[in-house]
Amino acid sequence: MSRANNPASTPRPPAGTQVPPRVAVLGAGSWGTALAAVAARRRPTLLWARQAAQADAMSATHENARYLPGVSLPASLEIGSDFDRALSVTAADGGVPLLILGVPVAGLEAMCLDLARRLPALGCAGWHVVWTCKGFDESHGRLPHEIALASLADTAGVSVGVLSGPSFAREVAQGLPVALTVASGDAALCAATTAALHGGAARVYAGSDVAGVEVGGAMKNIISIACGISDGLMLGTNARAALITRGLAEMTRLGVALGARADTFSGLTGLGDLVLSATGELSRNRRVGLDIGAGRKLADILAGGMTAEGVRAARSALARARALNVDLPITAAVCAVLFDGVSPMTAVSTLLARDARPESGDLRVPD
C-alpha cells in the first residue's frame, strides 16, 4: 500500500506524548516539495499533489522526478492527491493546523476560495495559512496578501502570512543551509511556522511587514531579468552591480509607497533574495534574461517550458508604480524589451541616457 493512502505509515510518538500539529503543504511543485521535505524532518507532514499519478509516483520513489529529479525525500513524508483528506487529516491532530500553500500567484485565488469553502466544515478552532508565491497578480496587479485576504475574508479562525527569502528549491530539498522570513500580523502564525521549519540547516526569522516581504519577492524577479539581459549582452560585472543596487532602490520605493517599511528591503526578502536571483545559476528569471540578451525571443523561451514569475509580474508592477507616481526605470526597460519590441541594447542606452541625479534621498516617495 502506498503512503498516499496509508496514514499509519507516518511515524507516531508513543502513547501519551503530545503530537505536534501536522503540517499540510498544498502543491507539489519544486518549492512546495522542498518545504514539505524540511517540515517532514521535524513533524508529521502531508504533501498534496493535484495529480494522482504524480502523488503515487512520489510515494513509490521518494522523489519528485518532474521538479526535483535526483533529490531524495524523507521516508516519513506522506504524499497524496485527495484534497479533502489532506485537510481532514491535518485537522485531526489537534491544535491549530498549519497549511503551506505551494502554488504560484496565478493559482492562489482559486486555492484560497477552495479553502474558504472547505475549512469551516472541519471544525477546527483556527487555521494558519501561509503562502510562498512571489509576484503580482497578472490580471489585477494584486500582491498575494491582497488576493488571500479578499478570498478568505469571511472564513472565521483563519490567520494568514507569507513565507519568503533567498532560496532555490533544489538546495532546500537537499538539506543545504537556507534562511527564510515568515511575516504576518499574527505572532502565533509566525511561531507555528518557525516551529515547523526552523532547525538543522533551515533558519526562519519572523516579522510583520507582509507588504515589504511580498514586494521584495516580486520585484527581485524583474530586476533579475534585467541582470540576466545585461550579462547576456556581456556588459560586465560593473553593470550587474549597478542594476542590483539601483534595482534595490526601485523595489524599496515601490514597497514604501505600498505601505512597507524601508528597512525590510535590506534584509533576506529584499537584498538577500535579489542578490541570489540576480547572480545564481539556478535562477529562472536570470536565465530568461540571459537568453534574451543572447538574442532569443521571449515567445520562444516560454514555449520551451521556462516559467519565470518576473515576466508575469513586470507589467503589473509598472502599472501600480505609475498609479502611485513612483519611478521604476529598470522595470520600465524590462517591460519595453519583453513586451514592446525594444532591443536590449536600445533599452540599455535609454537607461544610461537618463539625467544625473543625487543618490541620497532617492527613496523618497512622491506626494
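Residues numbered from 1 in each chain as written. Predicted model: local features only at pLDDT ≥ 70, side-chain atom pairs only at ≥ 80, totals over all residues. Heavy atoms only, no water.

So, on to the overall build of the chain. Each helix and strand in the chain was counted, giving 15 helices and eight strands. Taken over the C-alpha trace, the chain has a radius of gyration of 21 Å; the compact-globule value for 367 residues is 21 Å, and the two agree within 12%. Its C-alpha atoms give the chain principal-axis dimensions of about 70 × 40 × 35 Å. Contacts in the chain between residues far apart in sequence, at least 24 positions, make up 72% of those at least 6 positions apart. When the accessible surface of the chain is summed, it comes to about 15,500 Å², and 54% of that surface belongs to carbon and sulfur atoms. (Helix = DSSP H or I, 4+ residues; strand = E, 2+ residues; numbered from the N terminus. Rg over C-alpha atoms; globule rule 2.2 N^0.38 Å. Contact = heavy atoms within 4.5 Å. Areas by Shrake-Rupley, 256 points an atom, 1.4 Å probe, with all protein chains shown as cover.)

Below, the discussion takes up helix 9 (residues 237–257). Compared with an ideal rise of 1.5 Å per residue, which puts 21 residues at 30 Å, helix 9 spans 30 Å between its outermost C-alpha atoms and is within 8% of the ideal. Listed in full, the buried residues belonging to helix 9 are Leu243, Ile244, Gly247, Leu248, Ala249, Glu250, Met251, Thr252, Arg253, Leu254 and Gly255. Of the surrounding secondary structure, the elements contacted by the buried residues of helix 9 are helix 8 (210–232), helix 10 (268–279), helix 13 (309–323) and helix 14 (329–339). (Expected span 1.5 Å × (residues − 1). Buried < 20%, exposed > 50% of the residue type's maximum accessible area, 1.4 Å probe, protein only.)

The buried fraction of strand 5 (residues 127–131) is high, at five of five residues. The alternating pattern of strand 5 places Trp127, Val129 and Trp131 and His128 and Val130 on opposite faces, both of which are buried. In this structure, strand 4 (residues 98–101) lies alongside strand 5, joined through four bridges in parallel fashion. Residue Leu99 lies in a different strand from strand 5, and its bridge partner there is Val129. Read from strand 4 through helix 4 (residues 105–118) to strand 5, the crossover connection turns out right-handed. Crossover handedness for the path strand 5 to helix 5 (residues 144–152) to strand 6 (residues 158–164): right-handed. (Pairing = 2+ DSSP bridges. Right-handed = clockwise from strand over helix to strand, strands pointing away.)

For the rest of this paragraph, the subject is the nonpolar core. One recurring pattern in soluble globular proteins is that nonpolar side chains are buried together. Within the largest apolar cluster, 43 residues are counted, with the highest numbers of intra-cluster contacts made by Phe136, Met219 and Ile292. With 10 residues, helix 8 is the largest single contributor of residues to this core. Core analysis: the second largest hydrophobic core is formed by 36 residues, Leu35, Leu73, Leu163 and Cys190 among them. (Core = buried A, V, L, I, M, F, W, Y, C linked by side-chain atoms within 4.5 Å.)

Looking now at the sheet that holds strand 7 (residues 178–183). Judged by pairing direction, the sheet is mixed, and its eight strands sit side by side in the order 3-2-1-4-5-6-7-8 without closing on themselves. Looking along the sheet, the strands with just one partner apiece sit at the ends: strand 3 (78–80) and strand 8 (202–207). The sheet shows a mean angle of 25° between the axes of neighbouring strands, direction not considered. In this sheet, strand 7 lies alongside strand 6 in antiparallel orientation, the contact comprising three bridges. If you follow Leu163 over to strand 7, its bridge partner there is Val182. Sitting on the sheet, helix 5 touches strand 5 and strand 6, and the angle it makes with strand 5 is about 150°. (Axes fitted to C-alpha atoms, helices over the stretch in contact; angles between N-to-C directions.)

Each packed pair of helices is defined by two parameters, the angle between the axes and the distance between the axes. Running from amino to carboxyl end, helix 14 crosses helix 15 (residues 344–352) at an angle of 160°, the nearest separation of the two axes being 9 Å. What the angle tells us is that helix 14 and helix 15 run roughly antiparallel. Helix 15 is crossed by helix 14, and the crossing has right-handed handedness. Across the interface between the two elements, Pro329, Ile330, Ala333 and Val337 from helix 14 touch Pro344, Ala347 and Leu351 from helix 15. Its residues assigned to classes, the contact of helix 14 with helix 15 comprises seven nonpolar, no polar and no charged. (Parallel < 35°, antiparallel > 145°, perpendicular 65-115°, else oblique. Left-handed = near helix turned anticlockwise from the far one by under 90°. Nonpolar A, V, L, I, M, F, W, Y, C, P; charged D, E, K, R; others polar.)

Here we take up the packing of helix 8 against helix 13. Packing of helix 8 against helix 13 brings their axes to within 8 Å, and their N-to-C directions diverge by 105°. When the axis of helix 8 is compared with that of helix 13, the two are roughly perpendicular. Between helix 8, through Met219, Asn221, Ile222 and Ile225, and helix 13, the contact on the second element is made entirely by Glu309, Gly310, Val311, Ala313, Ala314 and Ala317. Across the contact of helix 8 with helix 13, the residue classes tally to seven nonpolar, two polar and one charged.

As a further point, take unusual backbone geometry. Of note in the backbone geometry, His62 takes a positive phi value of approximately 55° without being a glycine. Inspection of the secondary structure assignment puts His62 in the loop between helix 2 (52–61) and strand 3. The phi dihedral of Asn325 is positive, around 60°, even though this residue is not glycine. Secondary-structure assignment places Asn325 in the loop between helix 13 and helix 14. By relative accessible area, which is 47% here, Asn325 ends up partly exposed.

Summarizing the sequence annotation, UniProt attributes the feature "domain: Glycerol-3-phosphate dehydrogenase NAD-dependent C-terminal" (unreviewed entry) to residues 209–348 in the numbering used throughout. Its end C-alpha atoms 33 Å apart, residues 209–348 is made of 74% helix and 0% strand. (UniProt positions renumbered as here; feature names shortened; annotations may be inferred.)

Our focus in this paragraph is the environment of Ala299. Looking at the secondary structure, you find Ala299 in helix 12 (residues 298–303). A residue is classified by how much of its surface remains accessible, and Ala299, at 57% relative accessible area, is exposed. Taking the C-alpha atoms as reference points, Ala299 and Arg354, 55 residues apart in sequence, are found 29 Å from one another.

You can read the domains of the chain as domain 1 (21–207) and domain 2 (212–353). Relative placement of domain 1 and domain 2: their C-alpha centres are 27 Å apart. Both sides of the domain 1 and domain 2 interface together cover about 2,000 Å² of buried area, and 67% of this is carbon and sulfur. Three residues stand out in domain 1 for area buried against domain 2, namely Lys134, Phe136 and Phe168, and they jointly supply 36% of the buried area on that side. Counting every contact that joins domain 1 to domain 2 gives two salt bridges. (Domains from an automatic or database assignment. Buried area = accessible area lost by both parts, 1.4 Å probe. Salt bridge = Lys/Arg side-chain N within 4 Å of Asp/Glu carboxyl O.)

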